[in-house]
Amino acid sequence: MDDDVYKLNPSYTKTCLHSSSSQLSFLSSRVSRRRNCAIRPFHRVQPTRISCSTAPNQVQSPAVQTQDPKSKSDCYGVFCLTYDLKAEEETRAWKKLINISVSGAAGMIANHLLFKLASGEVFGPDQPIALKLLGSERSFQALEGVAMELEDSLFPLLREVKIGIDPYEVFQDAEWALLIGAKPRGPGMERAGLLDINGQIFAEQGKALNAVSSRNVKVIVVGNPCNTNALICLKNAPNIPPKNFHALTRLDENRAKCQLALKAGVFYDKVSNVTIWGNHSTTQVPDFLNARIDGLPVTEVIKDRKWLEDEFTETIQKRGGVLIKKWGRSSAASTSVSIVDAIRSLITPTPEGDWFSTGVYTNGNPYGISEDLVFSMPCRSKGDGDYEFVKDVIFDDYLRQRIAKTEAELLAEKRCVAHLTGEGIAFCDLPGDTMLPGEM
Ligand SMILES: NC(=O)c1ccc[n+]([C@@H]2O[C@H](COP(=O)([O-])OP(=O)(O)OC[C@H]3O[C@@H](n4cnc5c(N)ncnc54)[C@H](O)[C@@H]3O)[C@@H](O)[C@H]2O)c1
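Section: the sheet that holds strand E15 (residues 296-297)
Alright, step 1. Here we have three strands laid out as an open sheet, ordered E11-E14-E15, and antiparallel in their pairing. Sheet topology places strand E11 (271-272) and E15 at the edges, where each strand pairs with a single neighbour.
Alright, step 2. As paired elements, strand E14 (residues 292-293) and E15 share two bridges and run antiparallel to each other. Residue pairing in the sheet places Arg-292 in a bridge with Pro-297 of E15.

Some thoughts on the packing of helix H7 (residues 250-264) against helix H9 (residues 305-327)
Alright, step 1. With their axes 10 Å apart at the nearest point, H7 and H9 run at an angle of 135° to one another. The orientation of H7 relative to H9 falls into the category oblique. Note that H7 runs across H9; the crossing there is right-handed. Here H7 contributes Asp-252, Arg-255, Ala-256, Gln-259, Leu-260 and Lys-263 to the contact with H9, which in turn contributes Trp-307, Leu-308, Phe-312, Thr-315, Ile-316, Arg-319 and Gly-320.
Alright, step 2. Across the contact of H7 with H9, the residue classes tally to six nonpolar, three polar and four charged.

Some thoughts on the packing of aromatic side chains
Alright, step 1. According to the stated counting rule, one finds 11 aromatic pairs in the structure shown.
Alright, step 2. Through a chain of ring-to-ring contacts, three or more aromatic side chains come together here, namely Trp-277, Tyr-367, Tyr-387, Phe-389 and Phe-395.
Alright, step 3. Lys-243 extends its terminal NZ or CZ atom over the ring of Tyr-387, reaching a point 4.7 Å from the ring centre.
Alright, step 4. Of note, Arg-329 hangs over the ring of Trp-327, and the distance from its end group to the ring centre comes to 3.7 Å.

What counts, and where the lines are drawn
- Residues numbered from 1 in each chain as written.
- Predicted model: local features only at pLDDT ≥ 70, side-chain atom pairs only at ≥ 80, totals over all residues.
- Heavy atoms only, no water.
- Pairing = 2+ DSSP bridges.
- Helix = DSSP H or I, 4+ residues; strand = E, 2+ residues; numbered from the N terminus.
- Axes fitted to C-alpha atoms, helices over the stretch in contact; angles between N-to-C directions.
- Parallel < 35°, antiparallel > 145°, perpendicular 65-115°, else oblique.
- Left-handed = near helix turned anticlockwise from the far one by under 90°.
- Contact = heavy atoms within 4.5 Å.
- Nonpolar A, V, L, I, M, F, W, Y, C, P; charged D, E, K, R; others polar.
- Phe/Tyr/Trp six-rings, centres within 6.5 Å; stacked < 30°, edge-to-face > 60°.
- Lys NZ or Arg CZ within 6 Å of the ring centre and 35° of its normal.

Following this line, the structure appears as structure tokens:
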């Protein structure tokens, strides 16, 4: 049998669906580790809720009710039921179910993202998925609300939903971990305080990924400050290749493409090769030197260098803050779109000659950027989930100076979280203007 494709065969029998099973995952190797439970015929199964724990044939009470937060990571509601194959599906080839864990799943960004994932927009119309949703103790009720909305959406590709507040349970076998949940900076909180409070979340989640996720899990850190959170996470997950960790800077890239298109008077599909260098903060560097419009260098199309250096750069750096002022909340829909873009950039081959930006581990980078940071850089992918650095980029003094500034900021952030990366005692000497794009 093909490794990636499982052909459902009606002659199989299946175990009941308690924890994370579906007919698809039943066929995967994970099933052998599941608890004993009643054997059911494989197809035409009546949707009866079966418990697999101590009393195999007991019918459980309805699942759509507030769960005891102590047993937080069981399958949710309708997703605990057997999936009843239709006749035409029995011989159909399906891809193997993939496990996607999402933290901050009751938050605003996730509220857009989860429905894109479940619809097939991200991984394709023939890719069944399992969603494992991590919330905080406070957001658990809201998390149940999210799961109820997923139930009510009747997505054919969504085969499992689990909700929970323990990352060791929710990250089990994760092949993608989308780490969105983080605490916002409270009134009067220093940036060092934010780094510490969120860093602790990402240290714990790194440990959990290290313990229970797939060894090849791809991690995209969205929660801010996302570069340093990603660094903390990877340092706490020594069994997972550091290369697998990303900090989301794709929203900044998308914003830069839009502003360049606007200035040049072209639609944004004409803009390519845009790099965001460095930190997802107001020191980030949207690179107009290497960017192209309709295949031409941006500097040949937009001849106003002062606009590029000052207005364009600052617009991208502060776009998040301006949006908060207008909206009264931070960008959620466009962030979720950019997470989709970031995933799709890793699972589809990068178009010839183009590249994308992502915050990744700097070791081995060809640009002379300090090692051991998570820094946004230009990358290409063959579509296998991996990426490589782009080699043919050019630098001038302006770009070098700007990159040095954002690099200095990330080095300072790293010193400030040394207690969370296993590198000794933290020392915070953060530069003054290190606001996140979403902060005012
Ligand atoms: N990288 C980017 O481009 C980018 C863009 C926009 C927002 N962000 C960041 O994304 C994060 C989330 O934004 P949002 O608008 O969805 O916020 P939100 O406040 O709507 O949602 C965050 C959710 O995370 C939960 N949470 C808190 N701590 C958690 C933990 N330890 N484990 C699991 N869940 C936890 C909260 O209960 C809340 O439900 C913020 O840090 C924001 O600054 C990043």
